[in-house]
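The residues making up each chain are set out below.
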Amino acid sequence: MSADGKKLTFVDPEKVANNARVNDTVFQFLSIVSGIVCGILGYTDLKGLGAFFVFNCVIGAAVCAKLKGDVKSHFPSWDKLFVAGASASAGTFILFWTLFYNICHLF
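Keep in mind that this is a model prediction, so the values were computed, not measured. (Residues numbered from 1 in each chain as written. Predicted model: local features only at pLDDT ≥ 70, side-chain atom pairs only at ≥ 80, totals over all residues. Heavy atoms only, no water.)

1. What to know about a nonpolar patch on the surface
Together, Phe29, Leu30, Val33, Val37 and Leu41 give the surface a local cluster of nonpolar side chains, amounting to about 420 Å² of exposed area. By the secondary structure assignment, Val37 is in helix H1 (residues 13-41). Judged by relative accessible area, which is 35%, Val37 ranks as partly exposed. (Patch = residues over 30% accessible without salt bridge, like charges linked within 9 Å, V, L, I, M, F, W, Y side chains within 5 Å. Areas by Shrake-Rupley, 256 points an atom, 1.4 Å probe, with all protein chains shown as cover. Salt bridge = Lys/Arg side-chain N within 4 Å of Asp/Glu carboxyl O. Helix = DSSP H or I, 4+ residues; strand = E, 2+ residues; numbered from the N terminus. Buried < 20%, exposed > 50% of the residue type's maximum accessible area, 1.4 Å probe, protein only.)

2. Let's talk about the nonpolar core
Among the nonpolar cores identified, the biggest contains six residues, and these are Val63, Cys64, Leu67, Val71, Phe75 and Leu81. Beyond its immediate chain neighbours, meaning those up to four positions away, Val63 contacts Asn23, Val26 and Leu81. If you look at the next biggest cluster of nonpolar residues, it comprises five residues, including Ala51, Phe52, Phe93 and Trp97. (Core = buried A, V, L, I, M, F, W, Y, C linked by side-chain atoms within 4.5 Å. Contact = heavy atoms within 4.5 Å.)

3. Here we look at the packing of aromatic side chains
Here the structure, examined in full by the defined rule, presents three aromatic pairs. Seen from their ring centres, Phe93 and Trp97 are 5.5 Å apart, and the 35 degrees between their planes marks the pair as tilted. Note that Phe93 and Trp97 are positioned in helix H3 (residues 78-106) at a spacing of four residues, about one turn of the helix. The class of Trp97 is buried, set by a relative accessible area of 14%. Members of the aromatic cluster, joined through ring pairs, are Phe52, Phe53, Phe93 and Trp97. (Phe/Tyr/Trp six-rings, centres within 6.5 Å; stacked < 30°, edge-to-face > 60°.)

4. Examining the side chain of Asn56
In this structure, Asn56 sits in helix H2 (residues 45-66). When residues no more than four places from it in sequence are discounted, the contact partners of Asn56 are Phe27, Ser31, Ala86 and Ser89.

5. A few points about the side chain of Thr92
With respect to the element layout, Thr92 can be found in helix H3. Filtering out sequence-adjacent residues up to four positions away, Thr92 remains in contact with Gln28 and Ile32.

6. Concerning the packing of H2 against H3
Orientation of H2 relative to H3, taken along the N-to-C sense of each, is 140 degrees, at an axis distance of 10 Å. For the element pair H2 / H3, the angle class is oblique. For the pair H2 and H3, the sense of crossing is right-handed. Contacts between H2 and H3 pair Asp45, Gly48, Leu49, Phe52, Asn56, Cys57, Gly60, Ala61, Val63 and Cys64 from the former with Trp78, Leu81, Phe82, Ala86, Ser89, Ala90, Phe93 and Trp97 from the latter. Looking at side-chain class alone, the contact of H2 with H3 contains 13 nonpolar, four polar and one charged residues. (Axes fitted to C-alpha atoms, helices over the stretch in contact; angles between N-to-C directions. Parallel < 35°, antiparallel > 145°, perpendicular 65-115°, else oblique. Left-handed = near helix turned anticlockwise from the far one by under 90°. Nonpolar A, V, L, I, M, F, W, Y, C, P; charged D, E, K, R; others polar.)

Now the structure itself:
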């Protein structure tokens, strides 16, 4: 406890960086899978974009469940869990979504 009565939290920057790398890897892999699923199912336009957001919410909720809801002890804030993972994996999702859509529905 500090002098003003607030509980101090010690954060190891290496562990925070490792958690961010693992989170990015999880989001990348599952964005590949969800892009393949959306491409095979033939989603286009807003349906595909909506599926991307739904998949990212599910992925984020699964990671949060794995952490038993204690996100603050593993990440600096909630947005590092959801927003950083989703924004890093958006390009991967679009790549595999369009690739498998073209393979299954155009060729």
